[in-house]
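Listed below, chain by chain, are the residues.
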Amino acid sequence: TVGECQRDGSRGVPDEVDRGEGQVPDGDDVAVVDEAIGRHRQFGGVEPTGGGGHAGRRGDLCAGWPRPEQGSKASAILMLFGPNDDGGEDVVLTERATNLRKHAGQVSFPGGGVEPQDVTFTDTALREANEEIGLVPEGVHVMGELQPVALPVTNYEVCPVLAWWNVPSDISVLDPVEVARVARISVRDLVDPANRHTVTHPRGFKGPGFEVDGFY
């Protein structure tokens, strides 16, 4: 779990992380996100949903990540970005409840397992976000679905659904059994090197860690 990870002494951008400036582009927010998605589509990186349905082939934006194996449990998360009160952008993050059997206490995106009524991964992500934090799906503009990746430890296939919050609505914890906290976190703060660390898992894996607004 996150609580078992050891934070290394150094702050700033970890060696494993791209050292770009990380500045938020100016201009119309939706146009900026659409332009980014368009670039990914050019390289086959994002599958446009076309109003909620599946397009043909998902791309390979997550090349090198573990791929789902046969028999893995399908799930989806909602990567929801929106306008921040300070003029920038933010992203919705949740903290999972500490009493869960899997991924307890970890920072996550809203989401969960695919249910029989879900036609697409987008359906799953929006439904779960509505159930967990009260998100109003009608105010969300879904940009596309990224290539599903595997969580081998728990045998989940996770499809990230990228979206922009056209009409932000109030959100709060509706399902305390699964979610301990929800917040809109500034993208500017997330990309600030002062808020990033290199962390080491007890198994020896090293990777980037973030500490913003009480989320770690």
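This structure is a prediction, so every number in the text was calculated from the model and none was measured.

**Q** I keep staring at the overall build of the protein chain and nothing clicks. Help me out?
**A** In terms of regular secondary structure, the protein chain is built from three helices and twelve strands. The long-range fraction of contacts in the protein chain, counting pairs at least 24 apart against all pairs at least 6 apart in sequence, stands at 66%. Of the roughly 11,800 Å² of accessible surface on the protein chain, 51% is carried by carbon and sulfur atoms.

**Q** It is not clear to me how the environment of Pro 137 should be interpreted in this structure. Could you clarify?
**A** As for its placement among the helices and strands, Pro 137 is situated in the loop between α2 (121-133) and β7 (140-146). Judged by relative accessible area, which is 26%, Pro 137 ranks as partly exposed. Once the C-alpha coordinates of Pro 137 and Val 167 are considered, the two residues, 30 residues apart in sequence, prove to be 9.5 Å apart. The residues contacting Pro 137, other than those within four sequence positions of it, are Leu 126 and Asn 130.

**Q** I keep staring at the pairing of β7 and nothing clicks. Help me out?
**A** Look at any regular strand and the pattern is simple: side chains alternate between the two faces of the sheet. Among the seven residues of β7, six are classified as buried, and the element is accordingly described as predominantly covered. Where β7 lies against strand β9 (residues 156-165), five bridges are found, and the strand directions are antiparallel. Residue pairing for β9: Glu 145 is matched across the bridge by Val 161.

**Q** Whenever I open this one, the nonpolar core confuses me. Can you help?
**A** One broad trend across soluble globular proteins is that nonpolar side chains are buried collectively. Counting 17 residues, the largest nonpolar core has Leu 78, Leu 80, Leu 135, Val 140 and Val 161 as its most contacted members. Residue contributions to this core peak at five residues, all from α2. The contact partners of Leu 135, leaving out residues within four places of it in the chain, are Leu 78, Leu 80, Leu 126, Ala 129, Asn 130, Val 140, Trp 165, Ser 169 and Ile 171. Of all hydrophobic cores here, the second largest spans seven residues; its members include Ile 77, Met 79, Leu 146 and Trp 164.

**Q** Got a minute to help me understand α2 in this structure?
**A** When the terminal C-alpha atoms of α2 are compared, their 18 Å separation across 13 residues agrees well with the 18 Å that a helix rising 1.5 Å per residue should span. Here α2 lies mainly inside the structure; ten of its 13 residues are buried. In this structure, the buried side of α2 is in contact with β3 (73-83), β4 (89-96), β6 (111-113), β7, β9 and β10 (179-186). Of the residues that open α2, the one with a side-chain oxygen 3.3 Å from the backbone nitrogen of Thr 122 is Thr 120. Where α2 terminates, the next one or two residues include Gly 134, which has phi positive at roughly 75 degrees.

**Q** Explanation requested: the pairing of β4 in the structure shown.
**A** Burial analysis of β4 places six of its eight residues in the buried class, which makes it a mostly covered element. Pairing between β3 and β4: three bridges, direction antiparallel. Across the sheet, Gly 82 pairs through a bridge with Asp 90, a residue of β4. Taking the residues between adjacent antiparallel strands as the criterion, β3 and β4 are bridged by five residues, where Gly 87 takes a positive phi near 100 degrees.

Each value, and the rule that gives it
- Residues numbered from 1 in each chain as written.
- Predicted model: local features only at pLDDT ≥ 70, side-chain atom pairs only at ≥ 80, totals over all residues.
- Heavy atoms only, no water.
- Helix = DSSP H or I, 4+ residues; strand = E, 2+ residues; numbered from the N terminus.
- Contact = heavy atoms within 4.5 Å.
- Areas by Shrake-Rupley, 256 points an atom, 1.4 Å probe, with all protein chains shown as cover.
- Buried < 20%, exposed > 50% of the residue type's maximum accessible area, 1.4 Å probe, protein only.
- Pairing = 2+ DSSP bridges.
- Core = buried A, V, L, I, M, F, W, Y, C linked by side-chain atoms within 4.5 Å.
- Expected span 1.5 Å × (residues − 1).
- Polar contact = N/O pair within 3.5 Å; in protein donor to acceptor, adjacent residues only side chain to side chain.

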